[in-house]
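# Fold and geometry: a report
What follows is each chain in one-letter form.
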Amino acid sequence: MSDTTVQQKSINPYIVAIAVLLPAFLALAASSATNVSQPHIAGFYGATQYEANTVVTCYIISGGLMLPVTGYLVRLIGKKLLMYYSIWIFCLGCLLCILAPNLQALIAARIVQGIGSGCILPLCQAVLLEVFPLEQRGVAMSLFGVAAMFSPLAGPFMGGFLTDNYSWQWIFIINIPLCMLSFLLVKLFVPSDKPEKLKYNKKFDIVGYLSIVTAMACMQIILDKGEQFNWFDTPWVCWLGGICVFSFVFFYVWELEYKYPVIDIRVFKDRNFLFGTMISSFINVMLYSTLLLVPMFVQSLLGYSPSMSGLLMFPRAIVCFVGLLVVGEISKHVNPKLLTLIGLVIMSVSLLMLTQANTTSSMESIILPNLLLCVGVPTAFVPITAMSFMTLPATKNADAAALHALFKNLVTAFATAISATFIARVSQIHQNYLCADLVYHNPIFRIKLTALKTKFLIHYPAVMAAKKANGMLYKQMLQQARLSAFFDAFTVLAALCLIVIPLLMFLKIKKAKKEAQSKAS
């Protein structure tokens, strides 16, 4: 114990942060970098878009399935050795992706890559919480946010650049030398730790693990295929939904009662960790929902190309990166509750600004709310993540980091799928209401129809001009219905930012302050 402490003090924590942040950045960027290359992958293997989408979802599923066992593996072999294995398995998955002869082999390779990535993020968070002193938890979590928040935003831009200028295989090729560099940095700078010599180290909770695997697999299939098969109108989706709910409830009860749980779910008894995880999950919902909705808005309503929409989103990645570093320093001097409150209000204001967008909006009017949003995200993310782990003992960091990542993974996946479905379904609702105005006894409709018909009469006969005028008005109605759906979606997200603010009242900061003062003295 003393040797480890001496080693931690002898190494600059910022150097350790660089060593663990690089593999975390690679693992998270790999989840979003392939999003933009799906058409290229589908064309390369002669597959459909739905089949190519499995390349993304299988990576997320396999990575998520490793989160519950991170705490157990840390107790069994230690953080540093587990980081070694994770990096090499991730690198092996990248190599197999390059060599995949068909889509099935590529999916299998992505599963291997996902298994390697699953433990990296909670390990990164646990190491940062250990090497930084308590009074610098805000700095540690701002550095962690660089990987957790910036890499998913930068991934599509990097993936698009490599795919357009080289080929989609370069998304995986570039990871191999970076993985080797990551391994070297971890070996040189991450403090060695010894696994806990406890009796339950060798006992693996296979029942609990299978239950969470079943729940997550069913949930991901439902979220991935639900819209395609009209959700719960399809019997097998209902069955999978029932199995998913039962498995989650069984997992929760089993982990509370079993003597040697696969993950210590009792860390949720800590009030800071429970409410902090809930608030940070909502922040993730805002970030990833807008990451889906804004490109969808500009492509479907403003006519932007995929590359232009990717370029439109890139400034928010830069602002988020700078904001995470700046907020880490600010958090040393400002009350973390107040900082989180300010961040949530800024996010709500930025989302309300997006509700003012319409079909004639300029690029600047879309970029500005996105930049403001990515000022609010780090302002809220850094202090709330630090407060989540503030009152937990150091021995619980690995389990807590895994549960924190798992909970956010589940909520984010659910919210992302719901966001896409919300736009599709709510636009249909608005369409039903707007159709009532497209009738001949409506004087405004008659005026618009006559004006358009007169214009088309210049080039077409009367019958064709009438059809084209009706078709153009119907198209405008569909466009307005979709615009109204986006307005509702951004309004709901803005309201959610304000709804979670009362949860800040349940967080404690006095205990952590006293500990920090006693350590300083």
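Data block above holds the structure.
Starting afresh in each chain, residues are numbered from 1 along the sequence in its written order. Predicted model: local features are reported for residues with pLDDT of at least 70 only, side-chain atom pairs are reported and counted for 80 or more only, and whole-chain, interface and lining totals are derived from all residues. In computing side-chain values, all of the structure's heavy atoms are included and hydrogens and water are not.

## Re the overall build of the protein
To qualify as a helix, a DSSP run of H or I must reach at least 4 residues; to qualify as a strand, a run of E must reach at least 2; elements of each kind are numbered from the N terminus. Assigned secondary structure in the protein consists of 21 helices and zero strands. When we talk radius of gyration, it's over C-alpha atoms, and the globule rule is simply 2.2 Å times the number of residues to the 0.38. For 521 residues, the compact-globule estimate of 2.2 N^0.38 gives 24 Å, and the C-alpha radius of gyration of the protein, at 25 Å, lies within 12% of that figure. Seen through its C-alpha atoms, the protein measures out along the principal axes to roughly 90 × 55 × 45 Å. When burial is assessed residue by residue, the protein has 53% of its 521 residues classed as buried. A separation threshold of at least 6 residues defines the contact pool for the protein, and within that pool the share at least 24 residues apart is 82%. Three exposure classes are used, based on accessible area relative to the maximum for each residue type with a 1.4 Å probe and protein chains only: buried under 20%, partly exposed in between, and exposed over 50%. Any two residues whose heavy atoms approach within 4.5 Å are treated as being in contact.

## Here's the deal with the side chain of Thr290
Mapped onto the fold, Thr290 is located in helix H14 (residues 271-300). For Thr290, the contacting residues outside a window of four places in its chain are Pro295, Met313, Arg316, Leu351, Leu373 and Leu493.

## Quick look at empty space enclosed by the protein
Within this scheme a cavity is a closed region of a 1 Å grid, computed over the protein atoms alone, that accommodates a 1.4 Å probe without allowing it to escape, whereas a pocket is open but has protein on both sides within 12 Å along at least five of seven lines; lining residues each have an atom within 4 Å of a point. Grid points are joined across faces, edges and corners, and a volume is the space filled by probe spheres set on the points. One pass over the full model with this rule turns up two cavities of 30 Å³ or more. By volume, the second largest cavity is sized at about 40 Å³. Along its surface, the second largest cavity is lined by Ile60, Ile61, Met216, Met219, Gln220, Asn409 and Leu410. Elements represented by at least two residues in the lining of the second largest cavity include exactly helix H4 (49-66), helix H12 (206-225) and helix H18 (397-435). Its residues assigned to classes, the lining of the second largest cavity shows five nonpolar, two polar and no charged. Under the grouping applied here, Gly and all other residues not named as nonpolar or charged are polar, the nonpolar ones being Ala, Val, Leu, Ile, Met, Phe, Trp, Tyr, Cys and Pro and the charged ones Asp, Glu, Lys and Arg.

## A short note on the environment of Gly145
With respect to the helices and strands, Gly145 occurs in helix H9 (residues 137-165). For Gly145, a relative accessible area of 0% corresponds to the buried category. Distance from Gly145 to Leu291, taken between C-alpha atoms, is 16 Å for residues 146 residues apart in sequence.

## A few points about helix H11 (residues 175-189)
By this rule, a helix spans an expected 1.5 Å times one less than how many residues it contains. Over its 15 residues, H11 extends 21 Å from the first C-alpha to the last, a length consistent with the 21 Å expected when each residue adds 1.5 Å. On its buried side, H11 packs onto helix H2 (13-33), helix H6 (79-99), helix H7 (103-118) and helix H10 (170-173).

## A look at the packing of aromatic side chains
Pairing of aromatic rings covers Phe, Tyr and the six-membered ring of Trp, with a centre-to-centre limit of 6.5 Å; geometry is then stacked below 30 degrees between planes, edge-to-face above 60, and tilted otherwise. For the coordinates displayed, the defined rule picks out 18 aromatic pairs. Between Phe44 and Trp168, the aromatic rings sit 5.5 Å apart at their centres with planes inclined by 75°, giving edge-to-face as the arrangement. Of this pair, Phe44 sits in helix H3 (residues 38-45) while Trp168 sits in the loop between H9 and H10, placing them 124 residues apart in sequence. In this structure Trp168 comes out as buried when scored by relative accessible area, which is 4%. Each member of the aromatic cluster is reached from another via a ring pair, and the members are Phe44, Tyr45, Trp168 and Phe172.

## As for helix H17 (residues 363-388)
For H17, which comprises 26 residues, the first-to-last C-alpha distance of 37 Å matches the rise-based estimate of 38 Å (1.5 Å per residue) to within 8%. For H17, the buried fraction is high: 19 of the 26 residues fall into the buried class.

## Some thoughts on a nonpolar patch on the surface
To count toward a patch, a residue needs a relative accessible area above 30% and no salt bridge. Like charges then connect within 9 Å, nonpolar side chains (Val, Leu, Ile, Met, Phe, Trp, Tyr) within 5 Å. Note on areas: Shrake-Rupley, 1.4 Å probe, and residue coverage restricted to the protein chains presented here. A side-chain nitrogen of Lys or Arg and a carboxyl oxygen of Asp or Glu constitute a salt bridge if their distance falls within 4 Å. A cluster of nonpolar side chains, contributed by Phe204, Ile206, Val207, Leu210, Phe246 and Phe250, occupies part of the molecular surface with about 530 Å² of accessible area. For the nonpolar patch, the secondary structure elements donating two or more residues are H12 and helix H13 (235-257). Looking at the nonpolar patch, the element that brings in the most residues is H12, giving three residues. By relative accessible area, which is 58% here, Phe246 ends up exposed.

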